[in-house]
Amino acid sequence: MTQLLPAGLVASAVVSASSANLGPGFDSIGLALRLADEIVLETTDSGLVVEVEGEGADQVPLGPDHLVVRAIERGLQAAGVRVPGMVVRCRNAIPHSRGLGSSAAAVVSGLAAVNGLVAQTDSSLLSQTQLIQLSSEFEGHPDNAAAAVLGGAVVSWTDRAGARADYSAVSLALHPDIRLFCAIPEVQSSTAETRVLLPAQVSHEDARFNVSRAALLVVALTKRPDLLLAATEDVLHQPQRAPAMPASAEYLGLLRRLDVSAALSGAGPSLIALTTESELPAEALEYGAANGFKVMRMTPGEGVRWSPSVTIAG
């Protein structure tokens, strides 16, 4: 039987941005970034109120179609509870439609806020495994979602049994010498629109190339950052997406010519650079400033947090 939660419960959640793929790790390797969205969820006697400030405030629906609300509803269902009404307040710092995992963060924040409510009752919390599964179901792949749940760098994978997809992920110990920079343009890009640019089939040669680079990427991220330039090479999705984001493609080419290990962040148009240097080359910074990119130094993001403070079971 579904438990009805009382009005007057309040929970909050903080979720990191994320960068997926990192070059060859298509739909499988992700990295949380220390740029976070926050939501506050309050149960009420009836109705739904959605308030949004910050990034995307004038672009998202303020009703049941809001992605955070949909995630909350899914989380409530999974936890076996329901609410008579709710107020959802979102404070967004993650840019929308830039390849920084804003959709995954929205979903994970909604699910985590449910845990914040459930922690005040005698019902069971959603585990890390459930959070990864449920959030990845929204995304259709687990790289951004797993990074948002676990924090840091992750490797994720999908098992399919008939129509069902099971999503899993493990954390990587990111090498302490790696420095992160993001170049975020003013223009937006839709993952759905750029994904259709990818071919349905690839050559054996290209598949072999990316498999080798994805394997090397795990080594470079954890033990050998000197291998990052080779490890972030990709032939399966970045060249194909280049025509849809010419400024990002040109910037990516410039960074790599300057021996900076750079890649599209997710589906773009943002870029992520992984380097052992404390600064990007002056030529790269000048190009970014001249072409509408905001270049930001980043650090790895934490895993999802919510209040009340509890420890998730694996």
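Definitions and limits used
- Residues numbered from 1 in each chain as written.
- Predicted model: local features only at pLDDT ≥ 70, side-chain atom pairs only at ≥ 80, totals over all residues.
- Heavy atoms only, no water.
- Core = buried A, V, L, I, M, F, W, Y, C linked by side-chain atoms within 4.5 Å.
- Buried < 20%, exposed > 50% of the residue type's maximum accessible area, 1.4 Å probe, protein only.
- Helix = DSSP H or I, 4+ residues; strand = E, 2+ residues; numbered from the N terminus.
- Contact = heavy atoms within 4.5 Å.
- Phe/Tyr/Trp six-rings, centres within 6.5 Å; stacked < 30°, edge-to-face > 60°.
- Salt bridge = Lys/Arg side-chain N within 4 Å of Asp/Glu carboxyl O.
- Pairing = 2+ DSSP bridges.
- Axes fitted to C-alpha atoms, helices over the stretch in contact; angles between N-to-C directions.

Q: Mind laying out the nonpolar core, listing which residues take part and the relevant values?
A: Core analysis: the largest hydrophobic core is formed by 67 residues, its most contacted members being Leu31, Leu33, Ile72, Val88, Leu221, Leu274 and Val304. Per-element accounting of this core gives the leading share, 10 residues, to helix α2 (residues 102-118). Discounting chain neighbours no more than four positions away, the residues touching Leu274 are Leu31, Ile178, Arg179, Leu180, Leu221, Leu228, Thr232 and Ser261. Listed in part, the 16 residues of the second largest apolar core include Ala183, Tyr251, Ala262 and Phe293.

Q: Hey, could you go over the packing of aromatic side chains for me, with residue numbers and the actual values?
A: Scanning the entire structure with this criterion turns up 2 aromatic pairs. Aromatic side chains Tyr251 and Phe293 sit 4.9 Å apart centroid to centroid with 65 degrees between the ring planes, which places their arrangement in the edge-to-face category. Of this pair, Tyr251 sits in helix α9 (residues 246-257) while Phe293 sits in strand β12 (residues 293-298); the two residues are 42 residues apart in sequence, bridging distant segments of the chain. Summarising the burial analysis for this pair, Tyr251 and Phe293 share the class buried. Chaining the aromatic ring pairs together yields one cluster made of Tyr251, Tyr287 and Phe293.

Q: For the pattern of salt bridges, give the residues involved together with the corresponding values.
A: Considering all chains together, one arrives at 10 salt bridges under this definition. Between Arg89 and Glu42 there is a salt bridge whose closest N-O contact spans 3.5 Å. Separated by 47 residues along the polypeptide, Arg89 in strand β6 (residues 85-92) and Glu42 in strand β3 (residues 25-44) bring together distant segments of the chain. Using a relative accessible area of 34% as the deciding quantity, one classes Arg89 as partly exposed. Using a relative accessible area of 25% as the deciding quantity, one classes Glu42 as partly exposed. Close ionic contact of Arg297 with Glu279 constitutes a salt bridge, the shortest N to O distance being 2.6 Å.

Q: Summarise helix α4 (residues 143-150); cite the residues concerned and give the values.
A: Judged by how many residues are buried, α4 sits mostly within the fold: 7 of 8 residues are covered. Those residues of α4 that sit buried are Asp143, Asn144, Ala145, Ala146, Ala147, Ala148 and Val149. Residues of α4 that are buried sit in contact with β2 (10-21), β3, α2, α3 (128-139), β7 (153-161) and β8 (164-172). Immediately beyond the C-terminal end of α4, within one or two residues, lies Gly151, with a positive phi of roughly 80 degrees.

Q: So what about unusual backbone geometry? Which residues, and what values?
A: As a rule of thumb, non-glycine residues mostly have phi less than zero, and peptide bonds are mostly trans rather than cis. In this model, Gly268 is joined to Pro269 through a cis peptide bond whose omega is 5 degrees. For the bond from Ser307 to Pro308, the omega torsion is 5 degrees, close enough to zero to count as cis. On the secondary structure map, Pro308 appears in the segment after β13 (305-307). Within the chain, Leu22 stands out as a residue other than glycine whose phi angle is a positive 50 degrees. Its place among the elements puts Leu22 in the loop between β2 and β3.

Q: Lay out the sheet that holds strand β9 (residues 179-185) with the relevant residues and their values.
A: An order of β10-β11-β9-β12 is seen for the 4 strands of this open sheet, with the pairing classed as antiparallel. The open sheet has two edge strands, β10 (261-264) and β12, and neither has a second partner. Neighbouring strand axes in the sheet, compared pairwise and without regard to direction, differ in orientation by 20 degrees on average. Note: β9 against strand β11 (residues 271-275), 5 bridges, orientation antiparallel. Across the sheet, Arg179 pairs through a bridge with Thr275, a residue of β11. Packed onto the sheet, α9 meets β9, β10, β11 and β12 and runs at close to 165 degrees relative to β10.

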